[in-house]
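Analysis of the macromolecular model
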Amino acid sequence: MLLLIAAIGLTIALTYFGIHLIIEIPNLYIILFGAGLIFAGLTILFFLIKFIFSKNQNHTEGMFEITADMQPELFQMIHEVVQEAGTDFPKKVFITQEVNASVFYNSSFWSMIIPVRKNLQIGMGLINVLSKQELKAIIAHEFGHFSQRSMKLGSYVYHVNQVIFNMLYNNESFDRTINRVTGWSNSLVITLWGAIYAIRGIQWILKKLYNFINKNYMALSREMEFHADEVAAHIAGSEAFSSSLMRLDFADHAFNEAVQFYFNRSSESFFPDDIYADHQTMLRFLAKKNSYEMKDGMPLIDLDSNLKYDKSKLNFENQWASHPSTADRVKKVRQLNIVKAVEEDSPAMDMIKDKDKVISEISDFLFKNLFLEDEGPNANIPIVKLGADEFIHKYELAFNKGSFDKVFNEYYNLVTPVISDYEKIDLDGNIPERSYFSDEDTKLSYELQALRQDIGTLKSIQAKEIGVKTFDYDGIKFHRKAIPELLERLKKEEESKAAELDELNIQIFKHFHHLAKTRNMEQEFLEAHLQLSAYDKIYEDQMNFYYEMNNKFSYLNQVLDYNQIETFFIEFKVLELRLKKELKELLEYPGFENELDKKYVENLKKYMDKEWKYFMVSAYVDENIMILREAMEALPYLIYQRYFLQKKKILTIQADLM
């Protein structure tokens, strides 16, 4: 507001001075200069007004508005929660496909003065994985936000954040307008330079404020989440809210996996008979893979569920996070220990009226882009509807194809069986009598990974790339100044664990070599090992080439003149020649014969067999650039897939030997 008042004052002063010059000295150049002064003042004012009064509109595509007549039982639950929370009913209620619920509203300058009624969106994916009481808890959390006085402050800061961001980083149209105007007259250029410097000064001030405002907004947002959690616990009980909260990430992953299955198999024209029945079967399938206990058809997720994978001992508050961690939220809610009696707690999906119709509308939106082509690979292929059982059968086949045998207990998720210079190992030496791939063996690989990640994060904190001064490591509080000493200790620990893992891998190699030798499979075992070892040496080089090419291509994101663009593509041609060579060699790998989609291979060969123009006269050839991008993204996929198949080949031999 201070900047706006100053801009109004400056505009009035420049307008007065410009008019005074024009009246006093009626000379063509002076008239243009005076007009330039007036325009400069208006430019500064326009710059502020344009962004301050801009409206941030939430898009509702893929949201289906519902009413009390359409979903009476769901609305009855919402009314109960509204009454208990002592807040207002939402302006509109929407159903979406997501495993989530949220409050949203359109924000503008006037919404900071005039109260805005908020909307509620509830995902069918959320309803699909909760009991009625758990859904009530999640909805109560959202109405906890409705009831917060801090929501008013939150809306102020949200809008201010948007205004500042647009002023600093989203002002291309404004810059283009200025550039056009400065081409009209030299007199305007002189005066507009003053306006541009004034605008740069405004942006400098706002940059200083932006991080401060945003960081404090995030802190406010985290406190608002804790408060809304407490409201939910008081309305639906601590247990209902904590159990639903812990299930959400897992349920969201299951839903995304189910949806992605259909996109990955689009060439076969598969379509879900009921995407939410698929979601349920996926949830049970993944729960079984993770050894989660089931209750009433739903997985029970606890705070220790991810400890097998997350061995990090480093903990600090993320000042830029809008939500506290799930673990912190669950701990606080459980400390409240609010118990609510629940007489009947059936699945929340039972409340949905005309469920098949709602699911059909959501499915049509979700998969609308899969079957729009009048010509092409899917044009004449009839849509094949999959029931939940058939879906999970096909998914499981693909899952098993893309994973290692369960006898390895996930040990090889992070470890490669490659042993460098294995010829120097005494293969006939003593082999310890022990069982391999225990939980302790797997734990070692995850501990080493976490240790390396923690070392990297500590280096970022030390370099002030992560803005924290204090942190906890293994339950002990440290200041940033103590990082050098801590790093020295952790590097020694890393070396020790790496050596322990290397020794374990050597023992495993000797164990399987001995088994292979006794079963006349020594040559097959060693050949598979040598093939993986050879590819292991070029894998990193191939990935580094991809990163180099991708970084180079990002140059096009800048505003460039025609000569710069032409020069770029001439220089990029060298990288593109190598890209085609790498793709050709990867596609010739025998293991891909029955692995890759035929249309996918055809498209890549079409790209490799032709010279493509990406820029002509004064415009990008968007279609050709899209083909190039797809070819570039195919490279890391094929590199990884080849490595995976080569790795799986030796692990299949090892599994057969066990």
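Given the structure is predicted, the values throughout are model-derived calculations rather than measurements.

The rules behind each value
- Residues numbered from 1 in each chain as written.
- Predicted model: local features only at pLDDT ≥ 70, side-chain atom pairs only at ≥ 80, totals over all residues.
- Heavy atoms only, no water.
- Salt bridge = Lys/Arg side-chain N within 4 Å of Asp/Glu carboxyl O.
- Helix = DSSP H or I, 4+ residues; strand = E, 2+ residues; numbered from the N terminus.
- Buried < 20%, exposed > 50% of the residue type's maximum accessible area, 1.4 Å probe, protein only.
- Pairing = 2+ DSSP bridges.
- Axes fitted to C-alpha atoms, helices over the stretch in contact; angles between N-to-C directions.
- Contact = heavy atoms within 4.5 Å.
- Lys, Arg positive; Asp, Glu negative; His and termini not counted.
- Polar contact = N/O pair within 3.5 Å; in protein donor to acceptor, adjacent residues only side chain to side chain.
- pLDDT = per-residue confidence, 0-100.

1. A few points about the pattern of salt bridges
For side chains of opposite charge, pairing can occur when their charged atoms come near one another. Applying the stated criterion across every chain yields a total of 21 salt bridges. For arginine 329, the salt bridge goes to glutamate 225, with nearest N and O atoms at 3.6 Å. Taken together, the residues arginine 329 in helix α11 (residues 326–336) and glutamate 225 in helix α8 (residues 186–236) connect sequence positions 104 residues apart. By relative accessible area, which is 6% here, glutamate 225 ends up buried. Through salt bridges with shared partners, a single ionic network connects Glu80, Glu84 and Lys136.

2. A few points about the sheet that holds strand β4 (residues 119–123)
Strands sit in the order β1-β2-β4-β3 across an open sheet of four strands; the sheet is mixed. Looking at which strands have only one partner, the edges of the open sheet turn out to be β1 (64–66) and β3 (101–104). Between one strand and the next, the sheet's axes are offset by a mean angle of 30°, whatever the strand orientation. Pairing of strand β2 (residues 93–96) with β4 involves four bridges; the strand directions are parallel. Bridge pairing in β4 links phenylalanine 94 to glutamine 121.

3. Re the sheet that holds strand β10 (residues 470–473)
Reading across from one edge, β8-β10-β11 is the order of the three strands in this open sheet, with antiparallel pairing throughout. Two strands lie at the open edges of the sheet, namely β8 (314–315) and β11 (476–479), each paired on one side alone. Taken together, the four bridges between β10 and β11 define a ladder with antiparallel strand orientation. In the sheet register, threonine 470 faces β11, and the bridge partner there is histidine 479. Taken strand by strand, helix α14 (residues 439–462) contacts β8 and β10, and its axis lies near 165° from that of β10. Its contacts with the sheet place helix α15 (residues 483–518) against β10 and β11, and it is angled at close to 25° to β10.

4. Considerations on the side chain of arginine 480
In this fold, arginine 480 is placed in the loop between β11 and α15. Of the side chains with opposite charge, glutamate 465 comes closest to the buried, unpaired arginine 480, at an N-O distance of 11 Å. A polar contact is formed between the side chain of arginine 480 and the backbone oxygen of valine 468, at a distance of 3.2 Å. If we skip the residues at most four places from it in the chain, arginine 480 touches Ile461, Gln462, Lys464, Val468, Lys469 and Phe471.

5. Comments concerning the confidence of the model for the protein chain
Here the protein chain averages 86 in pLDDT, and 91% of its residues register 70 or above. The weakest mean pLDDT in the protein chain belongs to helix α7 (residues 172–181) at 59; the strongest belongs to helix α4 (residues 124–127) at 97. With pLDDT under 50 throughout, residues 373–377 is counted as low confidence; its partners more than four residues away or in other chains account for four contacts.

6. Remarks on unusual backbone geometry
Even without a glycine there, the phi angle at asparagine 337 is positive, about 50°. Mapped onto the elements, asparagine 337 comes out in the loop between α11 and α12 (355–366). On the basis of relative accessible area, asparagine 337 is assigned to the exposed category, the value being 57%. With a phi close to 55°, asparagine 520 is a non-glycine residue in the positive phi region.

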